[in-house]
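Chain by chain, the residues run as shown.
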Amino acid sequence: MALGYIFKFVTDYIMNLCLVKIFTDGNGIAYGVTRLVRPRGTHKATIVWLHDIGENGDDSARFVRELNLPNVQIREHIKWICPTAPRRPVSRLGGAVTTAWCDVTQVSENMEDDLASINTTCVLVTNLLAGEPAHVMKGVGGIGLGAAQGLYFASGYVAGGMGDMALNAVVGINGWLPAWTNFLYHIDSLTVSGTLAASLPILLTNENSMVPFQFGWLSEQSLSRAGIPVTFRPNDGRDPTAIGNWLKTYLQL
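Residues numbered from 1 in each chain as written. Predicted model: local features only at pLDDT ≥ 70, side-chain atom pairs only at ≥ 80, totals over all residues. Heavy atoms only, no water.

1. Some thoughts on the side chain of Thr121
Consideration 1: Here Thr121 is to be found in helix α4 (residues 115–130).
Consideration 2: Each residue touching Thr121, except ones within four places of it in the same chain, is listed here: Tyr31, Trp101 and Gln149. (Helix = DSSP H or I, 4+ residues; strand = E, 2+ residues; numbered from the N terminus. Contact = heavy atoms within 4.5 Å.)

2. Quick look at the sheet that holds strand β9 (residues 230–233)
Consideration 1: Here seven strands make up an open sheet; going across it, the order is β1-β3-β2-β6-β7-β8-β9 and the pairing mixed. Looking at which strands have only one partner, the edges of the open sheet turn out to be β1 (35–37) and β9. Averaged over all adjacent pairs, the angle separating strand axes in this sheet is 15 degrees, with direction ignored.
Consideration 2: Where strand β8 (residues 202–205) lies against β9, four bridges are found, and the strand directions are parallel. For Ile202, the partnering residue across the bridge sits in β9 and is Val230.
Consideration 3: Across the sheet, helix α8 (residues 213–225) touches β8 and β9, and the angle it forms with β9 is around 170 degrees.
Consideration 4: Sheet contacts for helix α9 (residues 240–250): β2 (45–50), β3 (78–82), β6 (137–143), β7 (169–173), β8 and β9; angle to β7, the most-contacted strand, approximately 170 degrees. (Pairing = 2+ DSSP bridges. Axes fitted to C-alpha atoms, helices over the stretch in contact; angles between N-to-C directions.)

3. Some points on unusual backbone geometry
Consideration 1: Unusually for a residue other than glycine, Asn174 sits at a positive phi of about 55 degrees.
Consideration 2: Assignment of secondary structure puts Asn174 in the loop between β7 and α6 (180–188).
Consideration 3: Even without glycine at this site, Ala179 takes up a positive phi of about 55 degrees.
Consideration 4: Turning to its location among the elements, Ala179 is positioned in the loop between β7 and α6.

4. What to know about the packing of α6 against α8
Consideration 1: Running from amino to carboxyl end, α6 crosses α8 at an angle of 20 degrees, the nearest separation of the two axes being 10 Å. Compared by their axis directions, α6 and α8 come out roughly parallel. As for the relative orientation of α6 and α8, their crossing is left-handed in sense. Contact residues: α6 offers Trp180, Phe183, Leu184, Ile187 and Asp188, while α8 offers Phe215, Leu218, Ser222, Leu223 and Arg225.
Consideration 2: Of the residues in the contact of α6 with α8, the class split is seven nonpolar, one polar and two charged. (Parallel < 35°, antiparallel > 145°, perpendicular 65-115°, else oblique. Left-handed = near helix turned anticlockwise from the far one by under 90°. Nonpolar A, V, L, I, M, F, W, Y, C, P; charged D, E, K, R; others polar.)

5. Observations regarding the packing of helix α2 (residues 57–67) against α9
Consideration 1: With their axes 8 Å apart at the nearest point, α2 and α9 run at an angle of 75 degrees to one another. Classed by the angle they form, the pair α2 and α9 counts as roughly perpendicular. The residues of α9 that touch α2, namely those facing Phe63, Glu66 and Leu67, are Pro240, Ile243 and Gly244.
Consideration 2: The class makeup of the residues in the contact of α2 with α9 is four nonpolar, one polar and one charged.

This is the structure in structure tokens:
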């Protein structure tokens, strides 16, 4: 019995941390390894999870396993894809080189956005989801800078910039919406699809540490103005129970 348990544990560990592929961005900068956390039951949903500055796909894999704790159905039916960002100088860290989806300055309403890198990461996320079965629900989520990347991906999706891909849910933990003024322009010029917006629920949390509360609230207001159903929880932060229950509801697990 003990040997069988150990064998199963080791097998699950290897399968859940397998290497998917190493990608490069448009400038030839290599992304790190992409990790998988596989569903143990019927595959009903796939979520690309994006880590924060200085983290990697292993950190994401550990975090999403915590989300599985509140409800066994989450563990059974979701496949998590956890890529690793390229290493690059980050202005907010005084130019120190670390893993980051894009360069980032001090987070504020007037910050300069590294849209070239953000858009390149959107291509990565699109490619990762494109290989998933058509019948499974698809989502994007992340923490900190990963959350900002996910929210930007959502704004591009409702503006019709992601082709015919279906996106079903977005989770942003302690994140913000980059290029929020550009997004408002798309809303005002009627280039945002009301149908896509209404069908894309978003969970946004904010702990007022890295992201000022006012900017988190402004990001929520911008997304809501497009007709996106946003759940804004300014005090939940990384609470695995709240996130797990939200996913269960909106992915219909």
